[in-house]
Amino acid sequence: MKIGVVTFPGSLDDVDARRAVTFGGNEAVALWHGDHDLQGVDAVVLPGGFSYGDYLRCGAISRFAPVMTEVIEAAAKGMPVLGICNGFQILCESHLLPGALIRNDHRKFNCVDQRLRIERVDTPWTSAYTAGQEVTIVLKNGEGGYVADEATLDMLEGEGRVVARYLDDNPNGSLRDIAGISNERGNVVGLMPHPEHAVEALCGPGTDGLGFFTSLAAATFA
Amino acid sequence: MSETQQAPRTSTLDTVAVASGDPERDQPWADLGLKADEYATIRTILGRRPTSSELAMYSVMWSEHCSYKSSKVHLKQFGEVPQETPIGKMLAGIGENAGVIDIGQGYAVSFKVESHNHPSYVEPYQGAATGVGGIVRDILAMGARPVAVMDPLRFGPLDAPDTHRVLPGIVAGVGGYGNCLGLANIGGEVVFDETYAGNPLVNALGLGVLRHEDLHLAKAAGEGNLVILYGARTGGDGIGGVSILASETFESTGPAKRPSVQVGDPFMEKLLIECTLELFAAGVVNGIQDLGGAGLSCATSELASAGDGGMHCNLDQVPLRDSTLAPEEILMSESQERMMAVVEPDHVEEFLAICAKWEVEAAVIGEVTTTGRLEIDWHGERIVDVPPASVAHDGPTYHRPYARPAWQDALQADTAEALPRPTTGEELAATLRTLVASPNLCDKSWVTDQYDRYVRGNTVLSQPEDGGMIRIDDETNLGVALSTDCNGRFAKLDPYVGAQLAFVESYRNVSTVGATPMAMSDCLNFGSPEDPDVMWQFAEACRGLKDACLELGIPVTGGNVSLYNQTGETAILPTPVVAILGVIQDVTRRTPSGFQAGGERVFLLGETREELSGSEWAHVIHQHLGGLPPRIDLAAERALSTLLVEASSDSVVTSAHDLSDGGLAHALAESSFRNGIGVSVALEGDPFVALFSESAARAIVTVTTDNADRLVALAEKHGVAITPLGQTGGDTISVEGQFEVPVAELRAAWSATLPDALGR
């Protein structure tokens, strides 16, 4: 499958995401924020980084990038979209996902090998995992605290839309230890940790992140 | 593209014509940091008094920071070191923005360390942030993609109140800027000593990668080629920062100097990096220079003097953030995130289009000439007309007096070997517990977890490994390793030997992870050059480094000098930070520092002598500094290095860890902590000396039982002493007949120190 990775001004992990897509057996396509063009891709990754320097609010400016018009349209029709870290923030700012990411409760940027539990596995990004599977992937952010009102949190839990939850100590103050969520349909997934940094043992904490990039090849989601 | 300028202040404009017609006007040369004889020299060069713009340029370019006027007579000796490595000649060396070495397979790397000490004391976050920004632009200007940074940091005591202001700000600044650029932070140092209390050290190392053909140099050649300034707009930040902040120490009675510190915008720098790399790839850049200290004064004079010798600029074309800036201020401004390129007229359109794609502002501000003069106009009137080399390179050279300090003999006579020592097993265990939790030896992840070490997916090793390692090519697995080191206490006891000990520790660290040492950069942090004691320390350190480079065949790729690091009369410990870069052919063969499995044999490589002066033990337990530092043996270092690299590439060893601060005891503890695997050892001779001496040229290695004979044979082949210590396994660190301490207990003490002091 062809998976597009969008580069915004200030995107950093776009290189890593393209490599991870390739490692997952898919073809990586570089997409440019300024183009109204998804180049016929089957799925889109919004990568990590500091798009627009996190100025105003994380993701608040990128949400208005030309390419986001097409991304939002395609997502509504069911195209798989994965937002990682800054990508998750952009998905929240775009209202493709509910809630928001705020500054870590300890007020510091934090880069650690984080244990997670994968909870929703019927999405095009997580079908390679088993429900309840515990994995270790990289977490690195300054504004990773997931917040939403109680009703939204209850809805996410009730509809089984919590994709991943932090294990051990909560690393950033996220409510209900939420590390990732999905939309109702499951095609749009936002994840604060970075699975693209855990796809080869040589340069990361193992290969537990690879499942996010093999799921698409393994299953067909129309 | 420049915004409309305000009407020029012609009534007060000091033009060349005005200067010629009004030769005796009083000028504020002293306030700008110039000495009377320097001002007289400028008048001689120009044959008239300088205009105020020219005075601004000379004052910043002839400051200590830019001209190296106190240090250059000593730095000259690095020219004696052959500029080549076993792989080939250096592609760029001292004098360029950063050195470039060939690492084979058509690749080259650029690396350099710089200081940003004084600004980081005044405004910790921005001082540290712009330190990272500056070194990254130096690397970028060589044509390299910046890929990694390292930050050697030094602070006052951990429990000093001001450390709690300075440290969190500096760490957040290093992280805030570097993380936003997408550069992996792969190591560095965090050291505490009371001499840094009023003068922290913030050194930043940048590493970049390029193909040989992508090398770019800073020169303005080709008459009629255009000079383009691109990046951030020029504002009032950092005006005079170079000459004022770097040339004098902080006077508590002086005016507030906060406005002189530059403010960084890492997002703009990220755009500048991607934009510049695309400009290089498009082949539209003839010469390039980053704007750092001394801003436009430096870029115009250095580019012009390195090229065809002439340049003409219209200063009113510089895009401004503050339209009220005077020309003198524009020339001195140290606004960050700016670059200057020399571009052929036919390429200007494409150049500007690439800048527009990245939303980076660019303006044509001048052209290359063959007049031999740097001529700068302001709304049509000539305000600068100087020989560019006189600004860039003909600054004063000082032969500062230096002499071995009167106190040096007494210091060396007061040895730590004479101090009371632990004698029982229980006392030895208590010493180990205290040392692992001491500020210099404790877990630094409170600091390093604020840095992104994973971005770009090529980080093979990072802190707390002995060296950072980056994969350069994921087909061939070619990589480089880097380490920065310095023990300032050793340098205080004997600056010649201390500088060499910094050199060999870095050299050994790079070898320990499996890379062959190739080249050195350094950042020489010292007190006031006006103090003959300090100047002697500096001279001795330079001589020590040069001799080590010559002996071990390591070229110097360039570096940085930071002087006036002192509080009142008290200078910092002499701190010549050394960065050695090594090359590893196959990064999958790298050697980690942590024990990998139980049941493996542990060996000590190298000889242990009774060397406790300047040690972490003397510092922590007795607050003592005196005696002679550990003996230096460059031949032994070379033999150990060769052995470690061979053992790595032949996969003989499963782990290796350099012995330095805290000696064997601390190395065993750190190797245990990494994967929670214990170790039991039996020691020959005095157990205290065996555990806590800091003799150089040593490492511990582990091997599987069936590889022990291969290791012993390898040690014999290279003439390295080898001693069996014991084996890995269990969940304690035990020394036969002395003590047994749970790894978890020691690890908890080691991890708690920084969070307890600084908060979660």
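Treat the numbers as computed from the prediction; the structure is a model and nothing was measured. (Residues numbered from 1 in each chain as written. Chains lettered and ligands numbered in written order. Predicted model: local features only at pLDDT ≥ 70, side-chain atom pairs only at ≥ 80, totals over all residues.)

1. A short note on the overall build of chain B
Argument step 1. The helix and strand tally for chain B stands at 26 helices and 27 strands.
Argument step 2. Relative to the 2.2 N^0.38 estimate, which gives 27 Å for 760 residues, the radius of gyration of chain B is 27 Å and therefore close to what a compact globule would have.
Argument step 3. Counting the 760 residues in chain B, one finds 63% classified as buried.
Argument step 4. Across chain B, every contact between residues at least 6 apart in sequence was considered, and the portion connecting residues at least 24 apart equals 85%. (Helix = DSSP H or I, 4+ residues; strand = E, 2+ residues; numbered from the N terminus. Rg over C-alpha atoms; globule rule 2.2 N^0.38 Å. Buried ≥ 20, exposed ≤ 12 C-beta atoms within 10 Å, placed from the backbone. Contact = placed C-beta atoms within 7 Å.)

2. So, the overall build of chain A
Argument step 1. Regarding its fold elements, chain A presents five helices and 11 strands.
Argument step 2. For a compact globule of 222 residues, the expected C-alpha radius of gyration is about 17 Å, and chain A comes in at 15 Å, within 12% of that figure.
Argument step 3. Each principal axis of the C-alpha distribution contributes one length, and for chain A these read about 40 × 35 × 35 Å.
Argument step 4. Within chain A, buried positions represent 57% of all 222 residues.
Argument step 5. Of all intrachain contacts in chain A linking residues separated by at least 6 positions in sequence, the fraction that spans at least 24 positions is 75%.

3. Focus on the sheet that holds strand S3 (residues 145–155) of chain B
All names here are of chain B.
Argument step 1. One open sheet holds the five strands; their spatial order is S1-S2-S5-S3-S4, and the pairing between them is mixed. On the outer flanks of this sheet lie strand S1 (99–104) and strand S4 (184–192), each paired with one strand and no other. Pairwise comparison of adjacent strand axes, ignoring direction, gives a mean angle of 20° for this sheet.
Argument step 2. Two strands pair when backbone bridges link them, and S3 and strand S5 (residues 201–211) are joined in this way by seven bridges, in the antiparallel orientation. Opposite Arg 154, over in S5, you have Leu 201 as the bridge partner.
Argument step 3. Sheet strands in contact with helix H8 (residues 163–181) are S3, S4 and S5, and its direction is about 175° off that of S3. (Pairing = 2+ DSSP bridges. Axes fitted to C-alpha atoms, helices over the stretch in contact; angles between N-to-C directions.)

4. Overview of the interface of chain A and chain B
Argument step 1. Of the residues lining the interface, 24 residues belong to chain A; the matching set on chain B comes to 25 residues.
Argument step 2. Looking at the side of chain A that touches chain B, the elements with two or more residues in it are helix H1 (14–23), strand S6 (110–118) and strand S7 (134–141) of chain A.

5. Some remarks on the pairing of strand S4 (residues 81–84) of chain A
Residues and elements named next belong to chain A.
Argument step 1. Alternating positions in S4 separate into two faces, Val 81 and Gly 83 on one and Leu 82 and Ile 84 on the other, with burial throughout.
Argument step 2. By the bridge criterion, three bridges tie strand S3 (residues 43–46) to S4 in an arrangement that is parallel. Looking at the pairing, Val 44 lines up with Val 81 of S4.
Argument step 3. Read from S3 through helix H2 (residues 66–76) to S4, the crossover connection turns out right-handed.
Argument step 4. The sheet contact formed by S4 and strand S11 (residues 188–191) spans four bridges and is parallel. By the bridge assignment for S11, Ile 84 is matched with Leu 191. (Right-handed = clockwise from strand over helix to strand, strands pointing away.)

6. Focus on the environment of Met 311 of chain B
Residues and elements named next belong to chain B.
Argument step 1. Mapped onto the elements of the fold, Met 311 is located in strand S8 (residues 310–314).
Argument step 2. Among the residues examined, Met 311 registers 27 C-beta atoms within 10 Å and is labelled buried.
Argument step 3. Sequence-wise, Met 311 and Ser 483 are 172 residues apart; in three dimensions their C-alpha atoms are separated by 40 Å.
Argument step 4. Among all residues touching Met 311, those that are not within four sequence positions of it are Ala 220, Val 227, Thr 300, Leu 303, Ala 304, Gly 366, Val 368, Thr 369, Leu 374 and Pro 388.

7. What to know about the domain arrangement of chain B
Argument step 1. Each assigned domain of chain B is listed with its residue range as follows: domain 1 (1–61 + 217–395) and domain 2 (412–442 + 591–760).
Argument step 2. Put simply, the middle of domain 1 of chain B and the middle of domain 2 of chain B, counted by C-alpha atoms, are 52 Å apart. (Domains from an automatic or database assignment.)

8. Re the pairing of S3 of chain A
Residues and elements named next belong to chain A.
Argument step 1. Burial of the side chains of S3 extends over both faces: Ala 43 and Val 45 are buried on one face and Val 44 and Leu 46 on the other.
Argument step 2. Pairing geometry for strand S1 (residues 2–7) and S3, over three bridges, is parallel. Its bridge partner lying in S3, Val 5 is registered against Val 45.

9. Topic: the sheet that holds strand S24 (residues 699–703) of chain B
Backbone hydrogen bonds hold the strands of a sheet together, and the pairing may be parallel or antiparallel.
Residues and elements named next belong to chain B.
Argument step 1. Pairing within the open sheet is mixed, and its seven strands lie in the order S22-S24-S21-S25-S23-S26-S27. A single partner strand is all that each edge strand has here, and the edge strands are strand S22 (655–658) and strand S27 (739–742). Taking the axes of each pair of neighbouring strands and ignoring which way they run, one obtains an average angle of 20° across the sheet.

10. A short note on unusual backbone geometry
Argument step 1. In the segment running from Gln 463 of chain B into Pro 464 of chain B, the intervening peptide bond is cis, with an omega of 5°.
Argument step 2. Relative to the helices and strands, Pro 464 of chain B is located in the loop between strand S13 (459–461) and strand S14 (468–471).
Argument step 3. One non-glycine residue, His 95 of chain A, lies in the positive phi region at around 65°.
Argument step 4. The residue His 95 of chain A is located in the loop between helix H3 (86–93) and strand S5 (100–102) in this model.

11. As for the environment of Ile 632 of chain B
Argument step 1. When you line up the elements, Ile 632 of chain B lands in the loop between helix H21 (616–622) and helix H22 (634–649).
Argument step 2. Expressed as a C-alpha distance, the spacing of Ile 632 of chain B and Lys 444 of chain B, which sit 188 residues apart in the sequence, is 28 Å.

12. Some details on the packing of helix H7 (residues 124–141) of chain B against H8 of chain B
Residue and element names in this part refer to chain B.
Argument step 1. Where H7 contacts H8, the two axes come as close as 7 Å, and the packing angle between them is 35°. Here H7 and H8 pass one another in a crossing that is right-handed. Mapping the contact onto sequence places Pro 124, Tyr 125, Gln 126, Gly 127, Ala 128, Ala 129, Val 132, Gly 133 and Val 136 in H7 and Arg 165, Val 166, Gly 169, Ile 170, Ala 172, Gly 173, Val 174, Gly 176, Tyr 177, Gly 178 and Leu 181 in H8.
Argument step 2. Counted by class, the contact of H7 with H8 contains 12 nonpolar, seven polar and one charged residues. (Left-handed = near helix turned anticlockwise from the far one by under 90°. Nonpolar A, V, L, I, M, F, W, Y, C, P; charged D, E, K, R; others polar.)

13. Describing H2 of chain A
Residues and elements named next belong to chain A.
Argument step 1. Residues of H2 that are buried include every one of Val 67, Met 68, Val 71 and Ala 75, and no others. Along the long axis of H2, the arc covered by the buried residues comes to 95°, so they all point the same way. Exposed and oriented more than 90 degrees from the buried face of H2 are Pro 66, Thr 69 and Glu 73.
Argument step 2. Contact partners of the buried residues in H2: S1, strand S2 (27–32), S3, S4 and S11.
Argument step 3. Remark: Gly 78 follows H2 within two positions and exhibits a positive phi of approximately 105°. (Arc of directions from axis to C-beta.)

14. Focus: the packing of helix H10 (residues 266–281) of chain B against helix H13 (residues 348–357) of chain B
Residue and element names in this part refer to chain B.
Argument step 1. Where H10 meets H13, the closest approach of the two axes is 9 Å, and the angle between their N-to-C directions is 150°. What the angle tells us is that H10 and H13 run roughly antiparallel. Once H10 is placed against H13, the crossing between them reads as right-handed. Together, Cys 275, Glu 278 and Leu 279 of H10 and Phe 351, Ile 354 and Cys 355 of H13 make up the contact between the two elements.
Argument step 2. The class makeup of the residues in the contact of H10 with H13 is five nonpolar, no polar and one charged. (Parallel < 35°, antiparallel > 145°, perpendicular 65-115°, else oblique.)

15. Notes on the confidence of the model for chain B
All names here are of chain B.
Argument step 1. In this model, chain B carries an average pLDDT of 93, and 96% of its residues clear a pLDDT of 70 or more.
Argument step 2. Per-residue pLDDT stays below 50 along residues 1–11; that stretch engages in 19 contacts with residues further than four places along the chain or on separate chains.
Argument step 3. Predicted confidence is poor over residues 241–258, with pLDDT under 50, and the contacts of this stretch with residues over four places away or in other chains come to 40 contacts.
Argument step 4. The ipTM assigned to the predicted complex is 0.96, against a pTM of 0.95. (pLDDT = per-residue confidence, 0-100.)

16. Structural notes on the environment of Gly 467 of chain B
Residue and element names in this part refer to chain B.
Argument step 1. Here Gly 467 is to be found in the loop between S13 and S14.
Argument step 2. Along the chain, Gly 467 and Ser 655 lie 188 residues apart, while their C-alpha atoms are 13 Å from each other.
Argument step 3. Not counting residues within four places of it along the chain, the set of residues in contact with Gly 467 comprises Gly 187, Leu 461, Ala 481, Leu 482, Ser 483, Asn 509, Val 510, Thr 512, Val 513 and Ala 515.

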